[in-house]
Every structure is written in structure tokens, then in C-alpha cells.
Amino acid sequence: MALPTAESLKSQLDTFCIPCEEDSVLERMVEQCICHRINEDDMVCEWMSYCSRNPKPLTMNTLEQFEHEVLNKRNKFKSSQKKEESYNRTMDINTLQDLIKAEEEEENLLDSYSTPAKGSQKRPLTTPEHPQSKRSAALLASPGLLLSPASFSPNATPSQKYNQRGAKGEVVVTFGTTQGTRWAGRKTPATGVNLDLLEGPEDSLRCSYKFMFQRLRDVRNVLAEKIEDLGETVRSHFHIEEFSSVSLPAQDSITVSGQICCDSNGKLNAQSVLLESGPEHGGQQVSVDLSELKEYSLFPGQVVVMEGMNTTGRKLVVSKIYEGVPLPFYSSDIKTEADEVTEPLNVLVACGPYTPSDSLTFDPLLDLISVINRDRPDVCLMLGPFVDSRHEQIEKGQVTETFEAIFSRCIESIVDGTRSVGCHLVFVPSQRDVHHPVIYPQPPFILPHLSKNQTQQRITLVPDPCTLLIDGVTFGLTSTDILFHMGAEEISNGSGSDRFSRILKHMLVQRSYYPLYPPAEEVNMDYEKSQSFAQIPLTPDVLIIPSELRYFIKDVHGCVCLNPGRLTKGQVGGTYGRLLLQRSAAAEGHRRSPCVAAQVVKI
């Protein structure tokens, strides 16, 4: 059928002397023809039939009434005829099975939008291949847990691989003194837990901002300031007199500062390393020869101070790389007796996705809520993604609700499911949250459906990245997979430590949650906001850096670094982390880590 046009409709109306002077009315009639799949002749005939009993002018209002009273009923009548024809024809076993499956899916979809009648004893329709577990049914029946699979996707079925996983609750990594440790929160839930952003509300990223407009000059200024600040820190620490220009020939050994970059768009290697100095020293680039170094670890965007020879002005033969200087730890100016006798603080850390990759059922999240109710931690750090943009059904649009609605119900389930525990909940967004702005640094979530009392008492919404202060213990949090991004770009030679430790050390001495430049393709960096909100203000006591790479717990420069892994790994269960923290007085100026013990546990 050819698409109807305004000219053909006007011609048909003129044939029957039906006046229509407004172009908007004709355009609306064309839309109705397309939506209801009828041609111009039928459209005009239906209108004449509609006006035969009660003549009406052809206006926008009468067209809306006409669509509601005639066209919509016409479609319903046609669909019922098709359904009768399909029932009346002879069917084989495959056709019958398809019809039964379609009816079950339709009924499940309708049930998700309706409230069951009181006292209804109707049994749920489940196939023998995918039986619904009694545990999940009991959890989903509670008014607080709203994660009904059918409400998100019409064909949502529990993940068989996840439900059949083994080694549930197995501890895979330990740190500190874990023997005899009681992994439980304080006796009074969340009492006395002081939690806030370290920088304070006025200096933190608290709301969304305009992005997608950056001038190259502003980006250059941010990078130049980083080179100058970090270079000056190393210069004063090692008592270096001054830095020389990287491009001026010199017959003596010189010391230069600058940023590591690559001589092409490919991956960095030992032969493609360039050093770019700041504007104060000419802003020039020079090739770097690393052959005389016994060990090194470099990545694009790293600010370094090097010593070597540059006799031609075109190549710097490096003999020494000065090690970066980490920031000091947090120290409170107010000393109290409670600093020595505080109860241990139990913190649980989990990172999304919270659904298996083959299903939109939130069974892993329900299991995590059960763990929270069992262990009763004082603080739960929940990092995204909550609605994963990489999920197959999300990518294909196979959901029956908006992404915001799925996220809201997910958060409501966590809040209501842990209400009896009373733990403090911290929600961190992710670059993979499909409903949230994909920009770095990322503003915190907005939860308008929750009351102000809930938000103020039990819930803290923070940006990515951020630095938290929890009962005097500092936490660095980021949900961006910096370990994976830097691991793909870093080059090293002769380094005794493992790659994870080197990357973590780079983050601390570069004083940034994302020191890589240029960033990975999936990271949309706002450099001006990053300069304000993505820097590490001090060396945190605990650094939380979830990654697709293998989980671990490491002590780097006195900072306990935890990669809890993800709660789901594809179609199977993943891991979460837990920490036991207790502040203690420093012994004669010697700092003692507040992290008593830590574990990574399989869900």
C-alpha cells in the first residue's frame, strides 16, 4: 500500500464536499491513516459514516474523537477476526506449543501491570524447564522487594547457570588477621556511623552539569597545570635545583619534567615513548631512549621527572627516573578518648552488574540482600552498574519498562530489604548505567521516589569518583575500570612487583583516580571537572577499585586496595568484598592501618 499524502486526502474530501482548510488537520489525518493502516478512500468513507448521524466539522478535536470511537474499535475487530481464524484452522503440535507459550507470556505481561485480587489462589504459570524456586518466590512476595522478572522482560527466566553455581560463600582472598574474626556489624545498627564526603558538600560534585563542550585550549591548560604541580612536588622532595628544556642540546646530564606520550596512535612501546614538557619549559616533545634503565614502568599521561643526556636536542637518553611522591594520610585535628576504644566497623562492598548476562532476573542482588541481613554490616558500598548497558536484553530493547523505572525498583528493593538491618547505604554510579549521564567525573544518582528522611538517615549518594570519610577512616571509591584501561597501556621492564601493584602505585603518586591520557574510548572525560573532582586529595586508608580483572586485596604504600570483583561474571555468580576496620592510636608517630581484616567472598 502506497503511503497516503495530504494532497490525495484533500482530493477525496473535495469530491464529497467536505471542507478542510487547515493543513494541520490534513497532516493529522495522514498520521491516522499510517498508524491504523488504511488508505485515503477508506478514511474518508469512515469519516462520512461517522458524521452521518451527527454532522460535525473537520477539526483536530473531532478527529481525536473519531479516532477513539471508530478507528481504535476497527483495529480491535480486525485483530479478533484474525485470532478466530487462527483458532479455527487445523494446528499441529508445534503450532499448539507456540500458541500456549504466547498466551503464557501475554498473561505474565498483563499480570506485571496489575495487582492480584485478595485471596486469589491462581497458581503461577511456570514451565518444568525453569521452575521458580521457593526462596525467590518468598522474597519477591514481600512488599519491599519489587524485582519481579516478568515486569522487566516478557521472556525473563531465571539463569540456570547462576542457580547451579557451586562454592557459595567461599572465601577466595584474605587480608590481615581473619582467624576468629566476627564478620558482623555493631550491636546498634548504624548508630554513631559518621559518613560524609571528605571534601564537603560545597567542594564536591553534587549534581549534574553541562558537558560535551570543551575547548582544546582548556584541556591543554589542565594538562599543563598537572605537569607543573607534580613536577614541582618531585623537585622539592628530591631537592632538584631546576628543570632544563627537553629540546635544547646539552653535553652534561640534565633533569627534565614532562608527560609521557606515544609517537603515534598505536599502543605505547619502548621505542615509541615521547616526553612532552610543560609550557614553562617550551612545551616541546623529545624522543626517549630507555635502553640504559634497568627497570621502569610507564603509561601515557604519566607525569615523570627524568635525568639523562640530550646531546642532539632530539633524543633523551635516560639514566634515572625519579619516583613520584604520594600524599599524606588523613589525620584528624581533634583527638578523643573514643579514638582508642571504638567498636570495629564492618563494611560490605559490592559492584554490579547485579543480574546474570543471560537473564534480567535480579537473583544475585536478592542473594546479596540475604547476606546483608545475615551479617548485618554497618555500611554497604554499592557500586554500579545497576541497569547495565552491556546486558544483551538491554542492548536489544527487550524490556517492558523504562530504564529509570527498573533502576528505581532496584534501589527500593535494596532499601526495603535492608530496613531491618539499618545499615548505611552508599550508591556509586557507573559509566555502564544506561539511565545515567555517561560522563567522567559522573554526578551522583537522583532518587526522587525516596523520602527525604530515608535519604538523610540511611542513604548517601556520591559521584564517581569520590573520597569518603567513614568514622575517621578515608575511602577512595571509583567504579570506572581504571585497572583494565591502564593495564592495556602500561609498559614495564624489570619491575619486581606485579602489574596491579604498579598501577595502584601510579594512581597514588599521580594523585588521580584516572591518570591515563588519552583516556580509553569508552570514557568521556570532562577535563575541567576532572581537575576539580577526580583528583585524590590524600592517600586513602582504603581504595575501592572494582574491575573486570581478577579480584585481589593489596597493601600499596600503606593503602589497602580492594578489587571486590563483580557480583556476576557473565552467566555465573561473582564475588563481593568485606572489611573490618578499627581505628587505633598511632604509636610514637608510626601510623597503623585501620583495616584489621578483609576478604573477598563468592556470592
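Everything numeric here is computed off the predicted structure, so don't read it as measured data.

Asks: What is the right way to read the nonpolar core from this model?
Replies: General note: in soluble globular proteins, nonpolar side chains tend to be found buried as a group. Within the largest apolar cluster, 36 residues are counted, with the highest numbers of intra-cluster contacts made by Tyr354, Leu365, Leu368, Met382, Phe386, Phe427 and Tyr576. Among the secondary structure elements, those contributing two or more residues to this core are strand S9 (345–351), helix H11 (363–375), strand S10 (379–383), helix H13 (403–417), strand S11 (424–428) and strand S12 (459–461). Per-element tally for this core: the top contributor is H13, with six residues. Once you skip the residues sitting within four places of it in the chain, phenylalanine 427 turns out to touch Met382, Phe386, Ile411, Ile414, Phe445, Ile459, Thr460, Leu461 and Val462. With 32 residues, the next largest nonpolar core counts Val349, Ile470, Val560 and Val600 among its residues.

Asks: For this particular structure, what's the right way to read the packing of aromatic side chains?
Replies: Each aromatic ring pair is summarised here by two numbers: the centre-to-centre distance and the angle between the ring planes. Applying the stated criterion across every chain, the model contains 13 aromatic pairs. Their ring planes at 80° and their centres at 5.4 Å tell us that tryptophan 47 and phenylalanine 66 sit as a pair that is edge-to-face. Placement of the pair is tryptophan 47 in helix H3 (residues 40–53) and phenylalanine 66 in helix H4 (residues 60–88), with a sequence separation of 19 residues. Three or more aromatic residues joined by ring pairs make a cluster, and in this case those are Tyr354, Phe386, Phe407, Phe427 and Phe445. Lying over the aromatic face of tyrosine 162, arginine 165 brings its terminal NZ or CZ to 4.0 Å of the ring centre. Above the face of the tyrosine 209 ring, lysine 529 is positioned so that its terminal group lies 5.2 Å from the ring centre.

Asks: Looking at this model, I keep getting lost on a negative patch on the surface. Mind explaining?
Replies: The grouping of Glu21, Glu22, Asp23 and Glu27 at the surface amounts to a negative patch. Tracing the chain through its elements places aspartate 23 in helix H2 (residues 23–36). Judged by its relative accessible area of 56%, aspartate 23 falls in the exposed class.

Asks: Is there a simple way to think about the sheet that holds strand S22 (residues 595–602) in this case?
Replies: Two strands in a sheet stick together by hydrogen bonds in their backbones, pointing the same way (parallel) or opposite ways (antiparallel). Strand order in this open sheet of seven strands is S1-S22-S21-S9-S10-S11-S12, and the pairing throughout is mixed. A single partner strand is all that each edge strand has here, and the edge strands are strand S1 (171–176) and S12. This sheet shows a mean twist of 15° between the axes of neighbouring strands, independent of strand direction. Together, S10, S11 and S12 form the strand contacts of H13, whose direction differs from that of S11 by roughly 160°.

Asks: Is there a simple way to think about the pairing of strand S21 (residues 575–581) in this case?
Replies: Looking along a regular strand, one sees the side chains alternate between the two faces of the sheet. For S21, the tally of buried residues reaches seven of seven residues, placing the bulk of the element in the interior. Residues Thr575, Gly577, Leu579 and Leu581 line one face of S21 and the alternating positions Tyr576, Arg578 and Leu580 line the opposite face, and both faces are buried. One ladder, built from five bridges, connects S9 with S21; its direction is antiparallel. Its bridge partner being in S21, leucine 348 is matched across the sheet by arginine 578. Inspection of the sheet shows S21 paired to S22 by seven bridges, in the antiparallel sense. Bridging across to S22, threonine 575 finds its partner in lysine 602.

Asks: I tried to follow the packing of H11 against H13 on my own but got confused; where do I start?
Replies: Pairs of packed helices are described in terms of their axes, by the angle between the two and the distance that separates them. The geometry of H11 relative to H13 is characterised by a closest axis approach of 10 Å and an angle of 20° between their N-to-C directions. One element, H11, and the other, H13, form an angle in the roughly parallel class. The handedness of the crossing between H11 and H13 comes out as right-handed. On H13, the residues touching Leu365, Ile369 and Asn373 of H11 are Cys410, Ser413, Ile414 and Gly417.

Asks: Help me understand the sheet that holds strand S18 (residues 559–563), please; the structure alone is not making it clear to me.
Replies: Strand order in the open sheet formed by six strands is S2-S13-S14-S16-S18-S17, and the pairing between neighbours is mixed. Strands with a single pairing partner mark the edges of an open sheet, and in this sheet they are strand S2 (195–197) and strand S17 (552–556). Neighbour to neighbour, the strand axes of the sheet diverge by 25° on average, direction disregarded. Bridging between strand S14 (residues 473–477) and strand S16 (residues 542–544) involves three bridges; their strand directions are parallel. Directly across from phenylalanine 475, in S16, lies its bridge partner valine 542.

Asks: What is the right way to look at H2 in this model?
Replies: Within an α-helix, residues lying three or four positions from one another point in the same direction, as the helix has 3.6 residues per turn. For H2, spanning 14 residues, the distance from its first C-alpha to its last is 20 Å, which sits close to the expected 20 Å at 1.5 Å a residue. Residues Val25, Leu26, Arg28, Met29, Val30, Gln32, Cys33 and His36 constitute the buried set of H2.

Asks: How do you make sense of unusual backbone geometry when you look at a structure like this?
Replies: Keep in mind that most residues, glycine aside, have a negative phi and that most peptide bonds are trans. For the bond running from glycine 352 to proline 353, omega is 10°, close enough to zero to count as cis. The topology assignment puts proline 353 in the loop between S9 and H11. A cis geometry characterises the amide bond from aspartate 464 onward to proline 465, with omega recorded as 0°. On the secondary structure map, proline 465 appears in the loop between S12 and strand S13 (466–470). For aspartate 471, which is not a glycine, the phi torsion comes out positive at approximately 50°. Tracing the sequence through the fold places aspartate 471 in the loop between S13 and S14. Using a relative accessible area of 12% as the deciding quantity, one classes aspartate 471 as buried.

Asks: Please explain the environment of arginine 220 as it appears in this structure.
Replies: Here arginine 220 lies in helix H9 (residues 216–237). In sequence terms arginine 220 and proline 279 are 59 residues apart; their C-alpha atoms lie 9.6 Å from each other. Other than its neighbours up to four places away in sequence, arginine 220 contacts Glu276, Ser277, Gly278, Pro279 and Gly283.

Asks: Explain the pattern of salt bridges to me, please; I cannot follow it from the model alone.
Replies: Side chains that differ in charge, positive against negative, can pair when their charged atoms come close. Applying the stated rule across the entire model yields 23 salt bridges. Between glutamate 67 and arginine 28 there is a salt bridge, with the nearest N and O atoms lying 2.8 Å from each other. Highlighted residues: glutamate 67 in helix H4 and arginine 28 in helix H2, separated in sequence by 39 residues. Put simply, arginine 419 and aspartate 416 hold a salt bridge, and the shortest N to O gap is 2.3 Å. Look at aspartate 416 and you get partly exposed, because its relative accessible area is 29%.

Asks: Is there a simple way to explain the confidence of the model for the protein in this structure?
Replies: Mean pLDDT over the protein works out to 84, with 82% of the residues at or above the 70 mark. Per-element mean pLDDT across the protein ranges from 42 in helix H6 (residues 134–141) up to 98 in S16. This model gives residues 117–141 a pLDDT under 50, and the stretch forms 23 contacts once residues within four places in sequence are excluded.

Asks: Is there a simple way to think about the environment of threonine 174 in this case?
Replies: Take threonine 174: it is sitting in strand S1. On a C-alpha basis, the gap between threonine 174 and valine 601 in space is 9.1 Å, while along the polypeptide they are 427 residues apart. In this structure, threonine 174 is in contact with Ala598 and Gln599, ignoring residues within four places of it in sequence.

Rules of the game
Residues numbered from 1 in each chain as written. Predicted model: local features only at pLDDT ≥ 70, side-chain atom pairs only at ≥ 80, totals over all residues. Heavy atoms only, no water. Core = buried A, V, L, I, M, F, W, Y, C linked by side-chain atoms within 4.5 Å. Buried < 20%, exposed > 50% of the residue type's maximum accessible area, 1.4 Å probe, protein only. Helix = DSSP H or I, 4+ residues; strand = E, 2+ residues; numbered from the N terminus. Contact = heavy atoms within 4.5 Å. Phe/Tyr/Trp six-rings, centres within 6.5 Å; stacked < 30°, edge-to-face > 60°. Lys NZ or Arg CZ within 6 Å of the ring centre and 35° of its normal. Patch = residues over 30% accessible without salt bridge, like charges linked within 9 Å, V, L, I, M, F, W, Y side chains within 5 Å. Areas by Shrake-Rupley, 256 points an atom, 1.4 Å probe, with all protein chains shown as cover. Salt bridge = Lys/Arg side-chain N within 4 Å of Asp/Glu carboxyl O. Lys, Arg positive; Asp, Glu negative; His and termini not counted. Charge placed at Lys NZ, Arg CZ, Asp CG, Glu CD. Pairing = 2+ DSSP bridges. Axes fitted to C-alpha atoms, helices over the stretch in contact; angles between N-to-C directions. Parallel < 35°, antiparallel > 145°, perpendicular 65-115°, else oblique. Left-handed = near helix turned anticlockwise from the far one by under 90°. Expected span 1.5 Å × (residues − 1). pLDDT = per-residue confidence, 0-100.

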